[in-house]
Amino acid sequence: MVAADIGGTKILAGLFEATGTLVATRQVALPHPSDPNRVAAVLMDTWQHLTRACGRDWQGIQGGALALPGPLESASGTIWENAHLGWRNVRVVEVMHRAGWPGGWPLAVEDDGRLAALGEYHCGRAEGMTTLVVVSIGTGVGSGVVEAGRLLQGASGGSGEIGHIPIRQSDHRCRCGLVGCLETLVGGAGLADRYRERQPSPQPVSAKDVVERAQQGDAIARQLMHQAGEAFAEALVIAVHLWNPDRMVIAGGLGVAAWPWWAPVWEETLCGRVLPSHRAALKGVRPTALAGQAALLGAYVIWAQRYHRANGPNIS
């Protein structure tokens, strides 16, 4: 089967054996503008290239799964609104069919944060855990919760949106249209926006640049990283009190890169703002060990659960 994790700047495509072995991956840039039809065409081309490169027959594909930034409704495969992609009420499966996805092949569509949680549960750091919370930070901020092996979901298969909870440190307008969202301080797009406001530059500045400049001693970057760490710690406090997890994992490219900066802030916050009973239950907050593949692996899991009934993915 084929799977893909579509983010705010890139597409990570994967080819799996139907039994769960990850055969190969291929990463390509997200087309800009990221019109749904263009993204679907690039994705189909990437999948077919990957299949040929691995010596496999495209006609032998049994189905696929997509990890997409929400909010979305998994039951109908509809993205309600995503400001980073600029998509609103997009019926993803229909778009994929127009791009050439065969009508008889099943295609699962799910929120990328939720699939990252599934990937972590089956392949990451969730051994023996009862409740796992995964927070993924890339261009935006997503989350997913697995409880007793089952993915928690909202109405009509919708996802929670930790990236859009209001944070007291922020009065910035989010790309979603709300004011004060966590994403405005912690998400990659928001972090880069804050830096450009403070330090205008004719050259593009990414969140990765901000992290690197903070490491090099840039005062503005360091201040923004500390502010983001405080905001993120506040969000984690909310998550701990809502779900009482025994493990939390930080995923996403920016989440892993920034965690060494944010971990000390979290440790201080944990001692002062989390109930003792919840602190005792929490076995730790750690960065992912899945090297950016958590959502891709989760995409295989959701396809197998819905259509194939195979074992979990195998990345050994």
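Parameters and conventions
Numbers given to residues run from 1 along each chain, matching the order in which its sequence is written. This being a predicted model, a pLDDT of at least 70 is required before a residue's local features are given, and a value of 80 or more before pairs of side-chain atoms are given or counted; all residues contribute to the totals for chains, interfaces and linings. The side-chain values count all of the structure's non-hydrogen atoms but skip hydrogen atoms and water molecules. Helix numbering and strand numbering both begin at the N terminus, where a helix is a DSSP run of H or I of at least 4 residues and a strand a DSSP run of E of at least 2. When a residue's accessible area, from a 1.4 Å probe over protein chains only, is under 20% of the maximum for its type it is buried; when over 50% it is exposed; and in between it is partly exposed. Identification of polar contacts relies on pairs of N or O atoms within 3.5 Å, with a donor-acceptor requirement for protein atoms, meaning one able to donate a hydrogen and the other able to accept it, and with residues adjacent in sequence counted only if both atoms are side-chain atoms. We call two residues contacting when some pair of their heavy atoms lies within 4.5 Å. DSSP bridges decide pairing: two strands pair if at least two such bridges lie between them. Working convention: axes come from line fits to C-alpha atoms, limited for helices to the stretch in contact. Angles between N-to-C directions cover 0 to 180 degrees. In these notes the angle categories are as follows: under 35 degrees is roughly parallel, over 145 is roughly antiparallel, 65 to 115 is roughly perpendicular, and the rest is oblique. Only Asp, Glu, Lys and Arg are considered charged in this grouping, and only Ala, Val, Leu, Ile, Met, Phe, Trp, Tyr, Cys and Pro are considered nonpolar; every other residue, Gly among them, is considered polar. Crossing handedness: left-handed means the near helix sits turned counterclockwise from the far one by under a right angle, and right-handed means the same turn made clockwise. In this description, a nonpolar core means a group of buried Ala, Val, Leu, Ile, Met, Phe, Trp, Tyr and Cys residues linked to one another through side-chain atoms lying within 4.5 Å.

A. Summary view of the side chain of Thr184. Note on placement: Thr184 falls in helix 4 (residues 183-186). Take Thr184: its relative accessible area is 4%, and that puts it in the buried class. Polar side-chain contacts of Thr184 include one of 2.7 Å to the side chain of Ser170. When near neighbours in sequence (up to four residues on either side) are disregarded, Thr184 contacts Ser170, His172, Arg173, Cys174, Gly190, Leu191 and Arg194.

B. Inspection of the environment of His84 at higher detail. Within the secondary structure, His84 sits in the loop between strand 6 (78-82) and strand 7 (87-91). Along the sequence, His84 and Gly7 sit 77 residues apart, while their C-alpha atoms lie 8.8 Å from each other. Residues within four places of His84 in sequence aside, it is in contact with Thr139, Gly140, Arg175, Glu183 and Ala189.

C. Examining the sheet that holds strand 2 (residues 10-16) more closely. Ordered in space as 3-2-1-4-8, the 5 strands form an open sheet in which the pairing is mixed. Every other strand in the sheet has two partners, leaving strand 3 (22-29) and strand 8 (107-111) as the edge strands with one partner each. Put simply, the sheet's adjacent strands are angled 15° from each other on average, direction ignored. With 7 bridges joining them, strand 2 and strand 3 adopt antiparallel strand pairing. The partner of Leu15 across the bridge, within strand 3, is Ala24. Here helix 3 (residues 112-123) sits on the sheet in contact with strand 1 (2-6), strand 4 (64-68) and strand 8, set at roughly 100° to strand 8.

D. Quick peek at the packing of helix 3 against helix 10 (residues 294-308). Where helix 3 meets helix 10, the closest approach of the two axes is 6 Å, and the angle between their N-to-C directions is 85°. Comparing the axis directions of helix 3 and helix 10 gives the class roughly perpendicular. Contact residues: Asp112, Leu115, Ala116, Leu118, Gly119, Glu120, His122 and Cys123 in helix 3; Ala294, Ala295, Leu297, Gly298, Ala299, Val301, Ile302 and Gln305 in helix 10. Residues that form the contact of helix 3 with helix 10 fall into these classes: 10 nonpolar, 4 polar and 2 charged.

E. Representation of the packing of helix 7 (residues 219-243) against helix 8 (residues 253-273) in the model. With their axes 8 Å apart at the nearest point, helix 7 and helix 8 run at an angle of 50° to one another. The pairing of helix 7 with helix 8 is recorded here as oblique in orientation. Crossing geometry of helix 7 relative to helix 8 is assigned as right-handed.

F. Main features of the nonpolar core. Ranked by internal contacts, the top residues of the largest apolar core, which has 44 residues, are Val135, Val186, Phe232, Trp259, Trp262 and Trp266. For this core, the secondary-structure elements that each account for two or more residues are strand 9 (131-137), strand 10 (141-147), helix 4, helix 5 (188-198), helix 6 (207-215), helix 7, strand 12 (247-251) and helix 8. A total of 13 residues in this core trace back to one element, the largest contributor, which is helix 7. If near-sequence neighbours (up to four positions away) are discounted, Val135 is found in contact with Val141, Gly142, Ser143, Ile162, Phe232, Leu236, Val249, Ile250 and Ala251.

G. Here's a closer look at the pairing of strand 9. Most of strand 9 sits inside the fold, with 7 of its 7 residues counted as buried. Going residue by residue along strand 9, you find Thr131, Val133, Val135 and Ile137 tucked away on one face and Leu132, Val134 and Ser136 tucked away on the opposite face as well. Of the strand pairs in this sheet, strand 9 and strand 12 are connected by 5 bridges, and their pairing is parallel. Bridge pairing links Val133 to Met248 in strand 12.

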